[in-house]
Amino acid sequence: MRPEVRAFVADGPLPDWDASEEEIDRRVKQLERISRPVTAEEAAALATCFGPDDCYGVAWSLLHLIESGPNPVLTTRPAPDANEWHDRLWRRAVNAGLVDEA
């Protein structure tokens, strides 16, 4: 795993809307340092970094980065109480015909 991905993952989930502008900017800069495409291992690690909301759109950037990997990260339906972003990743893979909805 590349160091820039390791650093992003080490800082944990994205902050929520209550985070300071500096913290959000710091995470955006970390994310921008990660070049595409990511590996399957990196995509799986990055998928653990979704926070409780969209973090002013940063979660969308994270989702698109994860989707640059070679395979869908989630191949089975997430649990009903899963993070909404995991459900979104899975649903997008289903809609693209990459995984079955079963």
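Residues numbered from 1 in each chain as written. Predicted model: local features only at pLDDT ≥ 70, side-chain atom pairs only at ≥ 80, totals over all residues. Heavy atoms only, no water.

Engineer: Which residues make up the nonpolar core, and what values do they have?
Structural biologist: Membership of the largest hydrophobic core comes to 21 residues, with the highest contact counts inside it found for Phe 8, Ile 34, Leu 46, Phe 50, Leu 62 and Ile 66. The leading source of residues in this core is helix α4 (residues 58-67), at 6 residues. Apart from residues lying up to four places away in sequence, Phe 8 is in contact with Leu 14, Arg 27, Gln 30, Leu 31, Ile 34, Leu 46, Cys 49 and Leu 62. (Core = buried A, V, L, I, M, F, W, Y, C linked by side-chain atoms within 4.5 Å. Buried < 20%, exposed > 50% of the residue type's maximum accessible area, 1.4 Å probe, protein only. Helix = DSSP H or I, 4+ residues; strand = E, 2+ residues; numbered from the N terminus. Contact = heavy atoms within 4.5 Å.)

Engineer: Mind laying out the confidence of the model for the protein chain, listing which residues take part and the relevant values?
Structural biologist: Detailed reading of the predicted model is not advised wherever pLDDT is low. Of the residues in the protein chain, 99% have a pLDDT of 70 or more, and the chain-wide mean is 95. Across the protein chain, helix α1 (residues 3-10) holds the top mean pLDDT of 98, while helix α5 (residues 84-95) sits lowest at 95. (pLDDT = per-residue confidence, 0-100.)

Engineer: Hey, could you go over the packing of helix α2 (residues 21-32) against α4 for me, with residue numbers and the actual values?
Structural biologist: One way to put it is that α2 packs onto α4 with a least axis distance of 11 Å and a crossing angle of 15°. Judged by the angle between their axes, α2 and α4 are roughly parallel. Between α2 and α4 lies a crossing whose hand is left-handed. Contact with α2, carried on its side by Ile 24, Val 28 and Leu 31, involves Val 58, Ser 61, Leu 62 and Leu 65 of α4 and no other residues of that element. (Axes fitted to C-alpha atoms, helices over the stretch in contact; angles between N-to-C directions. Parallel < 35°, antiparallel > 145°, perpendicular 65-115°, else oblique. Left-handed = near helix turned anticlockwise from the far one by under 90°.)

Engineer: Any details on the environment of Val 58? Residues and values, ideally.
Structural biologist: Relative to the elements of secondary structure, Val 58 occurs in helix α4. The exposure class of Val 58 is buried, given its relative accessible area of 7%. In the structure, Val 58 is positioned 50 residues away from Phe 8 in sequence and 13 Å away in space, judged by C-alpha atoms. In this structure Val 58 touches Leu 14, Ile 24, Val 28 and Leu 31, once residues within four positions along its chain are discounted.

Engineer: Which residues make up the environment of Trp 90, and what values do they have?
Structural biologist: In this structure, Trp 90 sits in helix α5. For the pair Trp 90 and Leu 74, spaced 16 residues apart in sequence, the C-alpha separation works out to 5.4 Å. Contact partners of Trp 90, with chain neighbours within four places excluded, come to Leu 74, Thr 75, Thr 76, Arg 77, Pro 78, Val 99, Asp 100 and Glu 101.

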